[in-house]
Amino acid sequence: MLIDRTHRNWFLGSIAGLAVATAAYVPYSLHSPQGARGGSTLGLIYGSLGFVFMLFAGLLGLRKKFPIWRIGRAQTWMRAHLWLGILSFPLILMHGGFHSGGPLTRALMWLFVFVFGSGILGAALQHFMPRFHTARLPMETIYEEIGHVRRQLAEEAQRLVEESCASLEGEISGSSEQQRAVAASAGANWDVTVAAGLQVDEQASNELRRFLHAEIEPFLGSAGSGGTRLAQPAMSRAMFTQLRVIFPATLHSSIDDLENICDEKRQLDEQSRLHRILHGWLLVHIPLSYALLLLGAWHAVMALRF
Amino acid sequence: MLRRTRTTKKLARRIDLQYFTRPHPLRRWRFWLSVAVPALALGWLFTQRVQGGQRAYSSGPLSRSHAVFTQQCNLCHVSRARTFAKDVSDQACLACHDAPLHQANQTFTPPCSSCHVEHKGVARLSATSDASCTQCHARLQTRNGISHYATSIDRFESTHPEFSALTDHRIDPGQVRLNHYLHLQPNLLGPDNRRVQMTCDDCHRSAEAHDSWPYAGPTTVSMPAHDTAVEKSVRTSAFMARIKFANQCGGCHTLQFDRRFGDLQAPHDRPEAVHAFVTKQFEQYIAAHPGAVHEAEPPNRQLPERIRIHAPANTSSEWVQYRVEDAEWLLWTKTCKQCHVLIERGGMLPEVVKSNIVERWLPHAQFDHYAHRMMTCVACHANAPASHNTADVLLPGIKVCQQCHRDSSTKDTAEGRCFECHQYHDWTQAKRTKGGFTIPELRGTAELHPAQVSPYP
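The model shown is predicted, which means the values in this text are computed figures rather than measured ones. (Residues numbered from 1 in each chain as written. Chains lettered and ligands numbered in written order. Predicted model: local features only at pLDDT ≥ 70, side-chain atom pairs only at ≥ 80, totals over all residues. Heavy atoms only, no water.)

**Observations regarding the overall build of chain B**
Part 1 of the reasoning: Regarding its fold elements, chain B presents 15 helices and 4 strands.
Part 2 of the reasoning: Relative to the globule expectation of 23 Å for 457 residues, the C-alpha radius of gyration of chain B, 38 Å, shows a markedly less compact shape.
Part 3 of the reasoning: With the C-alpha coordinates aligned to their principal axes, the bounding extent of chain B is approximately 150 × 70 × 45 Å.
Part 4 of the reasoning: A burial count over chain B gives 31% of its 457 residues as buried.
Part 5 of the reasoning: For chain B, the computed accessible surface area is about 29200 Å², with 57% contributed by carbon and sulfur atoms. (Helix = DSSP H or I, 4+ residues; strand = E, 2+ residues; numbered from the N terminus. Rg over C-alpha atoms; globule rule 2.2 N^0.38 Å. Buried < 20%, exposed > 50% of the residue type's maximum accessible area, 1.4 Å probe, protein only. Areas by Shrake-Rupley, 256 points an atom, 1.4 Å probe, with all protein chains shown as cover.)

Listed below in C-alpha cells is the structure:
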C-alpha cells in the first residue's frame, strides 16, 4: 500500500487523536495520587479505545475474506487498519502508564511490540518495495506461478538447445524455420542437408549439450540460485559471451535466447526473494495479532475482576 | 539477435489458471501459525494458572513487605457477595495494619490503596506520591471551614510555607539563658580551669551517641531518646539528645555553695531540694566543728553585692541559718540566675521559671539529623554562631532545605516528596492490631477461611 497524499486525513486525524490523548495524559499522570494506572477511569478509557482500535485493525482480515461486502472500500479499511493500529500503540502505553505490569500484561506488551513493529515494517515495505519491484523485475509473473513458469523455461531452454544441436549436426528435421530460411538463402536445396550451410560442427553441438546439462538445467531446475554460476549475472554474462565466441554466428540468436531465459529465471528468483520479504512479515504480524487480541480480551475480563 | 518475445498472448498461455485453488506455502504457513500462536498463548496462560494461581493477572510485582503473599491474592483481593469483582478493600489492609486518621477535620478519607499503591515493584509503600497529599492540600478544605495550616501547597520547592517557628517574628520560648555566640568563643574557661574551644557537637549530639559528654558534670543523666509515638516510629539517631544540665553544662557551670565544702556542689534540682541539701551540709559541718559557731566569718568575695552582714551567731542553729542564707544568696543571685529565671517570693524560696526548652521545632514533620551528618552544623544553622539571645530561633528556614530537596523528577537532588518529612497517619492514635493468619495461609499453601478474607457479611 502506497502511503501517499490520500492518507493525509488519516494521518492528521491520528496526530490529533494522539495530541488529545497526550494532553489528557500529562495532567492525569502528574496529579493522580496513584500515578497513571490501567484501572483508573482515564486508564480504562485509554485501554478500551486502544483495544477497540486493535479489534478494528484485526477485522481487516475478515473484511478481506468477504471482498464483495459493501462495507466500505478496501483502501479505506486498509488506511484505517494502518492508522488506528498505530494510534492504538501509544493509547495502550498510556493505559498501562508506561509500565509493563505483571506476567500477562508483560506478555501482552511484548506481543504488541512485535505486532506493532512488524506492522510498521510491513507498511514501510509495502510503501517502498512495489516501485523497486517494478523497476528491477520487468519479467515478473504471478508469484504463485513462478514454479510453473520456471518449469516452462527449462523446457524452452531444452527445446532451444535441441534445435540448435540438430542444426549443428546436420539434421534438417531438427532445425527451425528460421534455420531453414538461413540455409535457403545460402543457396542450399531441400534435398541437400543444411548442414553444410550451417557449418556442421559436432564438437560444438556436444559442447552446447554439455552446457545445457551442466549449467542451464541445474539453474532452471532449482527454486533459488542452487549455487549455480548462472545465478550470478556477471558470471552468466561472461559464460554466454564465451559461448558466442565458440559457436558460429548463426547460433548467436539461440544463445541470446538462452541467456534471456536465464535472465528471466534470475528475475523470478529475485521476485521470489522480494515477495518473501514483502509478505514474510505477515507470518509474524497476523499470528501474533490473533494471540494479542485473544490475550487482550482475557486481560480485560480479568482486570475488571481484580 | 533475440528471438524470444514476451507478448501478452504468450505470457497468458503459460499461466495455469487454477493456481489460486492450490494453497501456497506462504499462505499455508500463515494459516497454521495463526492457529498455533494463539493456541500457544492460551497454553501459556493455562500453565501460568496451574503454576501460580492468579499471579499471571497481577499488574506488577508486589512491594517487598508484601512479596511473601504473592501466591495468596485473596488476602487483599476480596470477593464481594454476588459480584464478579475482587477488589482491594480497606478492611483487607486493616486486618494487619492500623491506620489512624490523619485529621479529624478532614473532609474525606482516601482509601488505603489510593496512596499506598501496590504492584509497583520494590518501592516502599510509604513512599506515597505528592499527588496523594496535594489532592487535599493544594486547596485545603476542612469540615468546619477553619484551617490552621497553609491552604495551598502543591510543590515543595515553590508553595511549601516557611516553618511556622520562623514566621511572624516568633521567638524561642526557652527560659534558660544561653548565648551561643559566647559559648563558641575561643579560650573559654572549661572544667578544671582548662581553656577550651567549644564546638556545636559538644552539646548537640544524636540521641543515639554513646560517647561521653566533654562538659558533663560529675554525674551524667541517661535520657529517653524519644517520647512520642511519632518519635518512636523513626530511628533514635534522627533526633538530638535533650539538653540536660548534668550532661552538657555541669562540667563548666559548677554549683559550689561554700568554700568549707571545697568542690561539693549543690544538686541541680528544685529550690526546695537545694535548700534541704545545703542545710543538711551545714548542719553536719557544725556538728563536726562546734567551735566554728564563734569564729568570725570572713567577708565572702563571691558576694560583693551582699548588703546584709550577719552578726556573729550565738547558737549552732543560728550559725546554720546564717550560712544557709549566704549560700543560697550565692546560688539564687549568681549561680542559678546565670542561666535560669528566678522569681523572688518575699523571704520564701524563689521559684525557678520552667526552662521550656523546645525539643521539637517541627511538630508536624520529622527531621532526621543522622541523614544529614555529612554536613557541618552551621551549613544549615548559619546564624547560631552569632546568636546572643535565647529568644533567637536558630531553626534553618525552608529555603535551606530547598537547596538540596527538590522535585524528585530532577535526578540530581535529594528526595523532595511530602513523605520525606511528613506522615499522613497520626500515629499518636495508633492501636494494636491482632494477627489472624497462619504461615501456610499467608504463603498460599493453605486455603483462607472465608471469614478471614471477607469483611462483607
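**Some thoughts on the confidence of the model for chain A**
The predicted structure's coordinates, where accompanied by low pLDDT, should not be read in detail.
Part 1 of the reasoning: Mean pLDDT over chain A stands at 86; residues scoring 70 or higher make up 90%.
Part 2 of the reasoning: Considering only residues more than four positions removed or in separate chains, one finds that residues 186–199 of chain A, a stretch of pLDDT under 50, has 11 contacts. (pLDDT = per-residue confidence, 0-100. Contact = heavy atoms within 4.5 Å.)

**Regarding a nonpolar patch on the surface**
Residues and elements named next belong to chain A.
Part 1 of the reasoning: Taken together, the side chains of Leu59, Leu62, Phe66, Ile68, Trp69 and Ile71 present a nonpolar region at the surface, about 610 Å² in accessible area.
Part 2 of the reasoning: Tracing the backbone shows Leu59 in helix α2 (residues 41–65).
Part 3 of the reasoning: On the basis of relative accessibility, which here comes to 37%, the residue Leu59 falls in the partly exposed class. (Patch = residues over 30% accessible without salt bridge, like charges linked within 9 Å, V, L, I, M, F, W, Y side chains within 5 Å. Salt bridge = Lys/Arg side-chain N within 4 Å of Asp/Glu carboxyl O.)

**Here's the deal with the interface of chain A and chain B**
Part 1 of the reasoning: With 54 residues of chain A at the interface, the matching set in chain B holds 45 residues.
Part 2 of the reasoning: Of the roughly 4300 Å² buried between chain A and chain B on both sides combined, carbon and sulfur atoms contribute 61%.
Part 3 of the reasoning: By the criterion of area lost to chain B, the three top residues of chain A are Pro33, Arg305 and Phe306 of chain A, representing 17% of everything that side buries.
Part 4 of the reasoning: For the pair chain A and chain B, the number of links is 3 salt bridges.
Part 5 of the reasoning: Note that Arg14 of chain B and Glu264 of chain A form a salt bridge whose closest N and O atoms lie 2.3 Å from each other.
Part 6 of the reasoning: At the boundary of chain A and chain B, one finds 14 residue pairs in polar contact (both at pLDDT 80 or more). (Buried area = accessible area lost by both parts, 1.4 Å probe. Polar contact = N/O pair within 3.5 Å; in protein donor to acceptor, adjacent residues only side chain to side chain.)

**Brief notes about the layout of surface pockets**
Part 1 of the reasoning: Of the pockets and cavities examined, the second largest pocket occupies roughly 1400 Å³.
Part 2 of the reasoning: Secondary structure elements with two or more residues in the lining of the second largest pocket: α2, α3 (74–95), α4 (103–136), α9 (252–280) and α10 (282–305) of chain A together with α2 (25–52) of chain B.
Part 3 of the reasoning: Per element, the largest residue contribution to the lining of the second largest pocket is 10 residues, and it comes from α2 of chain A.
Part 4 of the reasoning: Taken together, the residues of the lining of the second largest pocket sort by class into 25 nonpolar, 14 polar and 5 charged. (1 Å grid on protein atoms, 1.4 Å probe; cavity = no way out; pocket = protein on both sides within 12 Å on 5 of 7 lines; lining within 4 Å. Points joined across faces, edges and corners; volume = space filled by probe spheres on them. Nonpolar A, V, L, I, M, F, W, Y, C, P; charged D, E, K, R; others polar.)

**Topic: the pairing of strand β3 (residues 342–345) of chain B**
Part 1 of the reasoning: Bridge count between β3 of chain B and strand β4 (residues 348–352) of chain B: 3 bridges; the pairing is antiparallel. Residue Arg345 of chain B lies in a different strand from β4 of chain B, and its bridge partner there is Met348 of chain B. (Pairing = 2+ DSSP bridges.)

**Some words on the pattern of salt bridges**
Part 1 of the reasoning: Going through the model one piece at a time under the given rule, you end up with 18 salt bridges over all chains.
Part 2 of the reasoning: Of the charged contacts, one joins Glu270 of chain A and Arg136 of chain A as a salt bridge, the two residues approaching to 3.1 Å between their closest N and O atoms. Taken together, the residues Glu270 of chain A in helix α9 and Arg136 of chain A in helix α4 connect sequence positions 134 residues apart.
Part 3 of the reasoning: Look at Glu270 of chain A and you get buried, because its relative accessible area is 15%.
Part 4 of the reasoning: Each member of the salt-bridge network shares a partner with another, and the members are Glu156 and Glu264 of chain A together with Arg4 and Arg14 of chain B.

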